[in-house]
Amino acid sequence: MLGQAVTVALADHDRQHEVLTFFHLQFDITNLEHHADWILNRAGHFDVVINCCAYTAVDRAESERQATFEVNGLGVGYLAATIQSIGARLIHISTDFVFDGQANSPYREEDPVAPIGAYGASKLHGEEALAGIGLATVVRTSWLFGPNGACFPRSIINAYRAGKSLNVVADQIGTPTYAPYLAEMLVKIAENNPASGTYHAAGPEIISWHSFAGKAVLAAVGRVENVRACRTSDYPTPTRRPAFSALDCTKLVQAGCYFHPPLNESLPSFVETLA
Ligand SMILES: NC(=O)c1ccc[n+]([C@@H]2O[C@H](COP(=O)([O-])OP(=O)(O)OC[C@H]3O[C@@H](n4cnc5c(N)ncnc54)[C@H](OP(=O)(O)O)[C@@H]3O)[C@@H](O)[C@H]2O)c1
């Protein structure tokens, strides 16, 4: 989802960037030969590499722990070493799932990390692989939705339109983030080159999945009925998720790289992209 949004944002002609997009089919982040073929052999071609690839199946990660860590940890380490050796900058995407969700105010970059599932642990492993690499920037985001690929509001709107009754958890709180807006922020980071380190980049609203579902249905259908609130414990999943994972983006605002209009602008844009 995000990789496509970033490609679109970078390809904007006014920006005059030369963009090379790698697809999983060609470039496996866990395969060192691919790093040589696609990056080392084109050493002079890259100023910045934005890594949007990841193992993102949060529930499956519990039973596919090794594969998850290979992509989100080991592969990121390979990428860091490769990028460092050609003197380019690396912008790497991480997640709110590195936190345990016990906070009651939005997480800042320096808050203690303590993932509660395999996916979050693997993404933290990826962050750690970048520690000490001066030209690396970690951008943590949360609750992504966008025009390309599966995402929460797409599933909710489709289910609602199909007449299904919906029960949506109201006791998980986060910051929904529209992939095209996140892509804009990543391009700003690439262009403005703020100090390396970790930044949070997420939407401005702190809401529950249940409220998010209601707003998505309202944007798509113009009314909301029968979207009921339930608790996480009503629908157990293979992995635990943070109860509260809103991200504080003040650092990115101060760096002049924040861009995220509210959901009453992003959801109508998103709805327009639905077939
Ligand atoms: N989605 C969210 O709600 C969310 C929230 C917070 C953070 N993030 C982070 O944001 C980033 C983008 O997420 P997304 O939602 O855009 O994910 P996505 O739609 O699942 O895309 C991930 C991409 O990575 C590719 N990939 C998987 N394994 C790979 C490998 N070994 N080598 C190369 N490519 C590989 C996938 O290809 P295949 O499809 O062929 O497997 C897919 O194209 C990720 O770092 C994710 O951890 C996402």
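Thresholds, definitions, all that
Residues numbered from 1 in each chain as written. Predicted model: local features only at pLDDT ≥ 70, side-chain atom pairs only at ≥ 80, totals over all residues. Near = placed C-beta within 6 Å. Helix = DSSP H or I, 4+ residues; strand = E, 2+ residues; numbered from the N terminus. Nonpolar A, V, L, I, M, F, W, Y, C, P; charged D, E, K, R; others polar. Buried ≥ 20, exposed ≤ 12 C-beta atoms within 10 Å, placed from the backbone. Arc of directions from axis to C-beta. Contact = placed C-beta atoms within 7 Å. Axes fitted to C-alpha atoms, helices over the stretch in contact; angles between N-to-C directions. Parallel < 35°, antiparallel > 145°, perpendicular 65-115°, else oblique. Left-handed = near helix turned anticlockwise from the far one by under 90°. Expected span 1.5 Å × (residues − 1). Core = buried A, V, L, I, M, F, W, Y, C linked by C-beta atoms within 7 Å.

Trainee: So what about the site of the ligand? Which residues, and what values?
Mentor: In the vicinity of the ligand lie 24 residues, with Leu-2, His-24, Cys-53, Ala-54 and Leu-144 positioned nearest. Looking at the shell around the ligand, the elements that each hand over two or more residues are helix 1 (2-11), helix 3 (65-86) and strand 2 (89-95). Among the residues making up the shell around the ligand, the classes are represented as 12 nonpolar, nine polar and three charged.

Trainee: Before we move on, could you go through unusual backbone geometry and cite the residues and values that matter?
Mentor: Even without glycine at this site, Trp-143 takes up a positive phi of about 45°. With respect to the helices and strands, the residue Trp-143 is situated in the loop between strand 3 (136-141) and strand 4 (144-145). For Asn-193, which is not a glycine, the phi torsion comes out positive at approximately 50°. The topology assignment puts Asn-193 in the loop between helix 6 (179-192) and strand 8 (197-200). Residue class for Asn-193 comes out partly exposed when judged on the 15 C-beta atoms lying within 10 Å of it.

Trainee: Pulling in residues and values, what's your account of helix 1?
Mentor: What helix 1 keeps buried is the set Leu-2, Gly-3, Ala-5, Val-6, Ala-9 and Leu-10. Projection of helix 1 onto a plane perpendicular to its axis shows the buried side chains occupying an angular sector of 160°, all on one side. On its buried face, helix 1 sits against strand 1 (48-51), strand 2, strand 4 and helix 6.

Trainee: Go over the packing of helix 5 (residues 152-161) against helix 7 (residues 209-221), please, and point to the residues and values.
Mentor: At a minimum axis separation of 9 Å, helix 5 and helix 7 run at an interaxial angle of 60°. Relative to helix 7, the element helix 5 is oriented oblique. Like other packed secondary-structure pairs, helix 5 and helix 7 cross with a definite hand, here right-handed. Counting all contacts with helix 5, which are made through Phe-152, Pro-153, Ile-156, Ile-157 and Tyr-160, the residues of helix 7 involved are Trp-209, Phe-212, Ala-213, Ala-216, Val-217, Ala-220 and Val-221. Tallied by class, residues from the contact of helix 5 with helix 7 come to 12 nonpolar, no polar and no charged.

Trainee: Go over helix 7, please, and point to the residues and values.
Mentor: Over its 13 residues, helix 7 extends 18 Å from the first C-alpha to the last, a length consistent with the 18 Å expected when each residue adds 1.5 Å. All of the buried residues along helix 7 are Trp-209, His-210, Phe-212, Ala-213, Lys-215, Ala-216, Val-217, Ala-219 and Ala-220. In this fold, the buried residues of helix 7 make contact with helix 5, strand 5 (166-169), strand 9 (207-208), strand 10 (227-230) and helix 9 (263-272). Gly-222 sits one or two positions beyond helix 7 and adopts a positive phi of about 90°.

Trainee: Could you give me a rundown of the nonpolar core, with the residues and numbers involved?
Mentor: Residues Leu-2, Val-6, Leu-182, Ala-183, Met-185, Leu-186 and Ala-216 are the most contacted members of the largest nonpolar core, which totals 74 residues. Examining the composition of this core, we find that nine residues originate from one element, helix 6, more than from any other. Beyond its immediate sequence surroundings of up to four residues, Met-185 is in contact with Ala-201, Leu-252, Cys-257, Tyr-258 and Phe-259.

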